[in-house]
Amino acid sequence: QQPVQSPQAVILREGEDAVINCSSSKALYSVHWYRQKHGEAPVFLMILLKGGEQKGHDKISASFNEKKQQSSLYLTASQLSYSGTYFCGTRTNDYKLSFGAGTTVTVRA
Amino acid sequence: DAGVIQSPRHEVTEMGQEVTLRCKPISGHNSLFWYRQTMMRGLELLIYFNNNVPIDDSGMPEDRFSAKMPNASFSTLKIQPSEPRDSAVYFCASSLATGDQPQHFGDGTRLSIL
C-alpha cells in the first residue's frame, strides 16, 4: 500500500528549512528516501531502519518513528541543488518498496 | 563504475507494435527491479528478480507485459501489443541484495505509444 507524503510541493528560498513527511498505515521495517531531478532517475539518499534512528546526508537528515509508522525528511539551510522531487519508499515485511507520490521541492535564489 | 544501463532512452512507436526495453544491472548486484512511472500513478513496481529468477510479477499490468532475465547481466521488459496507455517512463533498478539495500536506477526509457 502506497505511503502518504506531505506536503505535495514546497517552495523555499536558499537557506530556508523544510520538512517532508511520509506515513504508512502498515507496520514498517524500513523507510528509504530518494530524490529525482526533472528528467533524471531517482537517486538514493538514505535508508532508515527500525529503531527510530536518525540519519544524515549532507544537510539533509531524516528520522523514523516506527511506532507511528512515520518518517520525516529534513532539508536544512536549503541549497539550489536540493530542488527536485523527493520520494519515500516504505518496506513492510517483504522485499518490496512502495513509493509515495512524491514531494516537489523548489529552491529559489 | 558503470551504473545501471538502459536502452533505448526514448522509444516512439505505434499502437499494436512490440516494444522491448533492455537493462544491464550493476555488476555484482543480484536483485533487479522494473518500475513504471507516470504522473497519474507515480512510481510502480512491475516485477522483481532475485538471482535471475522472477520472484514477484504481481505489478505487471496484464498479459501483454512480460519480463525475462536470462543471465545476471541482462534483463528485458517486453510489451506486445503496445497500447497508448502504456506510455510512461520505465526504470530498471538493481541492488546488492533484497531488503534494505539502496536501489540504483538506470536513466529510464521514455516510451510513447501513438
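Details of the structure are given in the entry above.
Because the structure is predicted, anything quoted here is derived from the model rather than measured. (Residues numbered from 1 in each chain as written. Chains lettered and ligands numbered in written order. Predicted model: local features only at pLDDT ≥ 70, side-chain atom pairs only at ≥ 80, totals over all residues. Heavy atoms only, no water.)

1. Here's the deal with the overall build of chain A
Next up, step 1: Counting its regular elements, chain A contains 0 helices and 11 strands.
Next up, step 2: Its C-alpha atoms give chain A a radius of gyration of 13 Å, near enough to 13 Å, the size a compact globule of 109 residues would have.
Next up, step 3: Each of the 109 residues in chain A was classed as buried or not, and the buried ones make up 48%.
Next up, step 4: A separation threshold of at least 6 residues defines the contact pool for chain A, and within that pool the share at least 24 residues apart is 54%.
Next up, step 5: When the accessible surface of chain A is split by element, carbon and sulfur atoms take 47% of a total near 5,400 Å².
Next up, step 6: Between the averaged position of the 12 positive side-chain charges in chain A and that of its 8 negative side-chain charges there is a distance of 6 Å. (Helix = DSSP H or I, 4+ residues; strand = E, 2+ residues; numbered from the N terminus. Rg over C-alpha atoms; globule rule 2.2 N^0.38 Å. Buried < 20%, exposed > 50% of the residue type's maximum accessible area, 1.4 Å probe, protein only. Contact = heavy atoms within 4.5 Å. Areas by Shrake-Rupley, 256 points an atom, 1.4 Å probe, with all protein chains shown as cover. Lys, Arg positive; Asp, Glu negative; His and termini not counted. Charge placed at Lys NZ, Arg CZ, Asp CG, Glu CD.)

2. Describing the packing of aromatic side chains
Next up, step 1: Taken as a whole and judged by the stated rule, the model has 8 aromatic pairs over all chains.
Next up, step 2: Judged by centre distance (6.0 Å) and plane angle (80°), the ring pair of B:Phe91 and B:Phe105 falls under edge-to-face. Of this pair, B:Phe91 sits in strand β9 (residues 88-95) while B:Phe105 sits in strand β10 (residues 104-105), and the two are 14 residues apart along the sequence.
Next up, step 3: These aromatic residues form a ring-pair network of at least three members: A:Tyr34, A:Phe44, A:Phe99, B:Phe33, B:Tyr35, B:Tyr48, B:Phe91 and B:Phe105. (Phe/Tyr/Trp six-rings, centres within 6.5 Å; stacked < 30°, edge-to-face > 60°.)

3. Concerning the interface of chain A and chain B
Next up, step 1: Opposite the 17 residues of chain A that make contact, chain B presents 19 residues.
Next up, step 2: Carbon and sulfur atoms supply 59% of the area buried between chain A and chain B, which totals about 1,600 Å² over both sides.
Next up, step 3: Considering only the surface of chain A that becomes buried against chain B, A:Pro42, A:Tyr95 and A:Phe99 emerge as the three largest contributors, covering 37% of it.
Next up, step 4: The tally of links from chain A across to chain B stands at 2 salt bridges.
Next up, step 5: Scanning the region where chain A abuts chain B turns up 7 residue pairs in polar contact (both at pLDDT 80 or more). (Buried area = accessible area lost by both parts, 1.4 Å probe. Salt bridge = Lys/Arg side-chain N within 4 Å of Asp/Glu carboxyl O. Polar contact = N/O pair within 3.5 Å; in protein donor to acceptor, adjacent residues only side chain to side chain.)

4. Some thoughts on the environment of A:Ser78
Residue and element names in this part refer to chain A.
Next up, step 1: Looking at where Ser78 falls in the secondary structure, it is placed in the loop between β8 (70-75) and β9 (84-91).
Next up, step 2: In this structure Ser78 comes out as buried when scored by relative accessible area, which is 3%.
Next up, step 3: C-alpha separation for the pair Ser78 and Glu16, spaced 62 residues apart in sequence, amounts to 5.5 Å.
Next up, step 4: Within the local environment of Ser78, its side chain forms a polar contact with the backbone oxygen of Arg13, the two atoms lying 3.2 Å apart.

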